[in-house]
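Listed here are the chains, written in short residue letters.
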Amino acid sequence: MANGPALSTAKGGEIYLGSEFKHSLCHLDVLDANQFNEQSFDRNERKLTEENFYRGAPPKWLNFHMSEQAVSDGTGTPFIKRDGYDTLVKQIHQMRKLPRTSTVKLLHQPGCGGTTLAMQVLWDLRKTFRCSVLTDSTGSDVTNVAEQVVQLFTAGIRGHQNTVLLLVNNEQILENLQEQILMKIEEREIVTYMPVVILLSCVREDVVQQGDHVTLKNVLSDKEKRTFDEKKKELISRYGDRHNQFHGFNIMQTNFSQAYVKQACTVLGTIQKQNRKQKSQLAAFLSLLNAYAPGSYLLESQCLDFFKHDDYIQGDASLWERMKPFSDLIITFQQERSEKMVRMAHPLIAQHCTKLMVEAGVTRSDTARNFLTCFCSEEVPKCLFVFIKDMLTKRRTKTNATKKREDHPNHGTEIREDQEKFSRLILDIQNAEGNKQSASVLKVASNKFDKDPFFPQALARFYYIEQGNYNLAEMWAKKAMARDPQNSFVADTLGQVYKNHLQNKGVPENNTLPAKPREILQLATKAIEAFKEEERLAEKEQETNMKEDGNTKVSYYFNSSGLFGYLKVCILVYDILVSQNETWRQVLTKQISIGSVLESLGDNKLHRFHDLINNLADEVKRKCVFYDKYLTFSKPGMMKDDPLYISKDCSECYTKYVRDSTPKPLKQKVAFIEELKQNLADTVAGVLPCLEEVETESELKKITTWWEEICERSSCKSLSAFRHKIPLSPEDAPELHLLALLYFWPVVSEDNCRNSVFNLNELIQLMKGSYEHTYKKYFRSRYLRTLFFIGKSQDLTKIVHREILERKFEQKMKTKEDWNNNWSKEKIFQDPMVEDHLLKVEGVVRNYRVFATIDGTQIEVDANLRKDLWIARQVSFYLGFTIRGPVAFGIKTKTAENAEVSEQRNTELLAPTDTSGDGTRPDEGHS
């Protein structure tokens, strides 16, 4: 490469930046647009690279280059493309039409060529995109990764930037990485008519579910079989009998044949349980690791250190020599900027070798314990720790589909993602060897990694779930907490131990006497204190940052499990005690004091639980109010709802302790809402959940009049008086700020005096400040629900609740909608019915922001779909409101015919701000 490494530009050219720039991107393996051009390779290097790949090593960029050369020279057939290739490339090109960041997902079973396919796509698109692989798969420094991605996009002179196509192998960091990249784009005020990055998420899954993503499985189509057969003929002609060692290729060519795998692993048939040599032990270690932690490996240096005390082989023999006759089953490979790595040639070989070891008497638990002893005696490399942690603690996700209730807002089917109880290895050991051996392996890991909280946490869970040994479970849960005392997710396990114990206490077995109330309340006290401590820790955790403490991370999601665990304990206490004596119903709801009924309860010492019992109803109410807001104002994501059991259990607990009656049927809704108003509506938040129940506009008008009453509680005699309090104080609740915005937001037919008196920008900023002070730490990772839209009427009657809009749409379409999908695609705003009910707002998109134009003033609002903000232009949209503020929905570009600004004003309005000097202006970056 005479001119050095080159990057592609959006216009189809290349720019040369020098090796220093490429090396500065330490988290990225950047693929040059001119990779290997005019570069020659030693014949032995080429041969070794090709052989290693077909034996089972991950592909190198050189593999694709050599294949292209072989085709052009007429000496070989093209690199095999699995059936998902064309679909993946098509999806990537489609994403180029979307803004800033987007994701294409490849879901593949281990060993079916998923990583190879992803790299093959990058290789073939290297002249179209700036292709790169994220080398830091742990995502330990997402902020710097995002910075380097943006640097790669902006590299070069203005107007010659290009979209980055980034291969990411860790699905867990995608959301955070996207957010960080967006922040970097906005910080640098980059204006571009192309996406900054397309993330190619390559995810290994044992069970692959169909979906919008590309899937790759351990089965070949007829077309793929023919292609592999042709390639096999080529390899035989080139390598002769040596092709029999190409297990990685041969397993796929035989359509993942178990017969082939068994034949390849026959060399392990002579292994004995006793007096095993170190090479057979290492083969067992690699097999177990690769079978239960896909993508894992050991460093060659670690393997050679393992042989230091082997008297059988002296000198500097290679690992290949030391591992005979198992060498053909093992592959050694090296990637850029890394040590040599060692793994089994294919996951199916690893799985079968593990099975053969078990048949020879070498159990999985024996192998796991010996591996931990031999390879974790000193400082463990971070990569190996991650593999061991996955092997012993990572729980697979199960997807279950259940029919939702008819009254559920999204109707249809609920897709629940539940986790297995334990990791696959622990479950397999349990099934084959029993609970004792599973616990033993976790105990060894807990002692070896004596600063990590997750191994003792898994051990505590195993003791209470599988063995009912609550003493040991409590001990290990406390050890986990001691190792990371600020982690609320770790603290949750202790509460779960006590809760599970309490649940079992309430179910007498083998004709045993039921637990006495004193025992129930003693255990409940422990559980409640544990969940309160978890809640306290969750409140203290950082809002959006990942805390780093060695290998321990705290998620940036708010952990609400402590509050929910408290409510579950209260339900158990109520059900157990009331089933023993009806008097407890009145005691727990504070209708009578426990001191007045000690004699009838048969235990005078119960008086010591007076404070506990006296606080339950108030705490239940407080936590139910939290969840009322939590579930009303937010949800896990735009396409994901909270599990139904959360609202169900909260309602049950509230009913037991606060209302102390059975839930009223839907036909008695008005009375129920009135009661809910009195119990919960200390602020507007108590009214908003009620609106989920309304079915007619007349009911909606009735409910909105309550806001006047709520204002009276705040010393306002009417909405007229409330108007004189505007602007509100930042200390006022976000709900009141929401009321202010809704009431004073102008519509077409209203006079403009309100807008001249009240600064809408100021009201919005006050509301956002109130939201950040009150709710941000709870809702920070969640999607904020839209509560209301602005209609065309006057005063409070102009408020259109989301539920009303959805019902009208369904009535017109005569169908039950999947509203998650509808809102994410904004399908509802394509219907003329919406225009009849909602007020259309004029505005502009500029610098990745959207502004409503109200009486000549620009008011910044959020956008429901951020992809609508990538082109600066005149727009119109509908206005909705979340608990954080106004949101633009259905953003549409205004045509030249109906634009209401002059060309000069339009130019001024849309002119981008580019203070960084590396942005792409609209006239320069259009692709």
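Residues numbered from 1 in each chain as written. Predicted model: local features only at pLDDT ≥ 70, side-chain atom pairs only at ≥ 80, totals over all residues. Heavy atoms only, no water.

## A closer look at the overall build of the protein chain
Quick note on the threshold: Per the convention used, a helix needs a DSSP run of H or I reaching at least four residues, while a strand needs a run of E reaching at least two, with both numbered from the N terminus. Partly exposed residues are those whose accessible area sits between 20% and 50% of the maximum for their type, while under 20% is buried and over 50% is exposed, using a 1.4 Å probe and protein chains only. Here, residues are in contact when the closest pair of their heavy atoms is within 4.5 Å. Exposure was quantified through the Shrake-Rupley algorithm and a 1.4 Å probe, taking into account, for residues, occlusion by the shown protein chains and nothing else.
Within the protein chain, the secondary structure is distributed over 40 helices and 24 strands. Within the protein chain, the fraction of its 927 residues that count as buried is 54%. In the protein chain, the proportion of contacts linking residues at least 24 apart, taken out of those at least 6 apart, comes to 72%. Carbon together with sulfur atoms contributes 47% to the accessible area of the protein chain, which is approximately 41,500 Å² in total.

## A word on the packing of helix H15 (residues 364-375) against helix H18 (residues 435-448)
Inclusion rule: Note on method: axes are straight lines fitted to C-alpha atoms, helices fitted across the in-contact stretch only, with angles between N-to-C directions ranging 0 to 180 degrees. Between 65 and 115 degrees an angle is taken as roughly perpendicular, under 35 as roughly parallel, over 145 as roughly antiparallel, and anywhere else as oblique. For this classification, Asp, Glu, Lys and Arg are treated as charged, while Ala, Val, Leu, Ile, Met, Phe, Trp, Tyr, Cys and Pro are nonpolar and the rest, including Gly, are polar.
Running from N to C, H15 and H18 cross one another at 5°; their axes reach a closest spacing of 9 Å. It follows that H15 is roughly parallel to H18 by the angle criterion. For the pair H15 and H18, the contacting residues are Ser365, Ala368, Arg369, Leu372 and Thr373 in the first and Gln437, Ser440, Val441, Val444, Ala445 and Lys448 in the second. The class makeup of the residues in the contact of H15 with H18 is five nonpolar, four polar and two charged.

## Considering the packing of aromatic side chains
What counts here: For Phe, Tyr and Trp, rings pair up if their centres lie within 6.5 Å, where Trp contributes its six-membered ring, and each pair is then called stacked (planes under 30 degrees apart), edge-to-face (over 60) or tilted (otherwise).
Under the defined criterion, the tally for this structure stands at 46 aromatic pairs. With a centroid separation of 6.3 Å and an interplanar angle of 45°, the aromatic rings of Trp61 and Phe64 are classed as tilted. Residue Trp61 and its partner Phe64 are both found in helix H3 (residues 61-73); the two are separated by three residues, about one turn of the helix. Judged by its relative accessible area of 5%, Trp61 is buried.

## Describing the state of the cysteines
The condition that has to hold: Disulfides are defined in this document as cysteine sulfur pairs within 2.5 Å.
Scanning the model with the defined rule gives zero disulfides in all. Lacking any disulfide linkage, Cys653 is separated from the closest cysteine sulfur, that of Cys570, by 4.9 Å. Residue classification places Cys653 among the buried positions, given a relative accessible area of 0%.

## Observations regarding helix H7 (residues 174-187)
Note on helix geometry: an α-helix contains 3.6 residues per turn, so any two residues three or four positions apart are oriented the same way. Worth spelling out the cut-off: To estimate the expected span of a helix, count its residues, drop one, and scale the result by 1.5 Å.
Helix length check: H7 (14 residues) gives 20 Å between terminal C-alpha atoms against 20 Å at 1.5 Å per residue, within 8%. Residues Leu174, Asn176, Leu177, Gln180, Ile181, Leu182, Lys184 and Ile185 constitute the buried set of H7. Its buried side turned inward, H7 meets strand E4 (101-108), helix H6 (142-154), strand E6 (164-168) and strand E7 (197-204). Note on H7: the residue one or two positions beyond its end, Glu189, has a positive phi of about 50°.

## Some points on the nonpolar core
Let me state the cut-off plainly: Each nonpolar core is a collection of buried residues, namely Ala, Val, Leu, Ile, Met, Phe, Trp, Tyr and Cys, held together in the definition by side-chain atoms within 4.5 Å.
Among the nonpolar cores identified, the biggest contains 218 residues, and Leu282, Leu392, Trp584, Trp745, Val850 and Phe877 are the most heavily contacted of them. Among the elements that take part in this core, helix H23 (residues 561-580) stands out by supplying 13 residues, more than any other. Counting residues in hydrophobic clusters, the runner-up holds 29 residues, among them Ile15, Leu152, Leu174 and Ile185.

## Comments concerning the pairing of strand E11 (residues 341-344)
The side chains of a regular strand alternate between the sheet's two faces. In plain terms, the rule: Strands are treated as partners if at least two bridges between them are detected by DSSP.
For strand E9 (residues 298-299) and E11, the ladder comprises two bridges, and the chain directions are antiparallel. Among the inter-strand pairings, Leu299 is bridged to a residue of E11, identified as Met341. By the bridge criterion, four bridges tie strand E10 (residues 330-333) to E11 in an arrangement that is antiparallel. Bridge assignment links Phe333 to a residue of E11, and that residue is Met341.

## Here we look at the confidence of the model for the protein chain
The condition is simple: pLDDT is a residue-level measure of predictor confidence that goes from 0 to 100.
Mean pLDDT for the protein chain: 84, with 82% of residues reaching 70 or above. Across the protein chain, helix H20 (residues 470-483) holds the top mean pLDDT of 98, while helix H40 (residues 922-925) sits lowest at 31. Scored below 50 in pLDDT, residues 543-554 shows 35 contacts in the model against residues more than four places distant or in partner chains. Predicted confidence for residues 689-696 stays below pLDDT 50, and this span has 30 contacts to residues more than four positions away or in other chains.

## Considerations on unusual backbone geometry
In most cases, non-glycine residues show a negative phi, while peptide bonds are predominantly trans. That bond from Lys324 to Pro325 is cis: its omega, 5°, falls within 30 degrees of zero. Among the structural elements, Pro325 can be located in the loop between helix H13 (319-322) and E10. Even without being glycine, Glu38 reaches a positive phi, approximately 55°. Within the secondary structure, Glu38 sits in the loop between strand E3 (28-30) and helix H2 (43-55). The exposure class assigned to Glu38 is exposed, which follows from its relative accessible area of 71%. The backbone of Lys590 sits at a positive phi, close to 60°, despite the residue not being glycine. Its place among the elements puts Lys590 in the loop between helix H24 (583-588) and helix H25 (598-601). By relative accessible area, which is 35% here, Lys590 ends up partly exposed.

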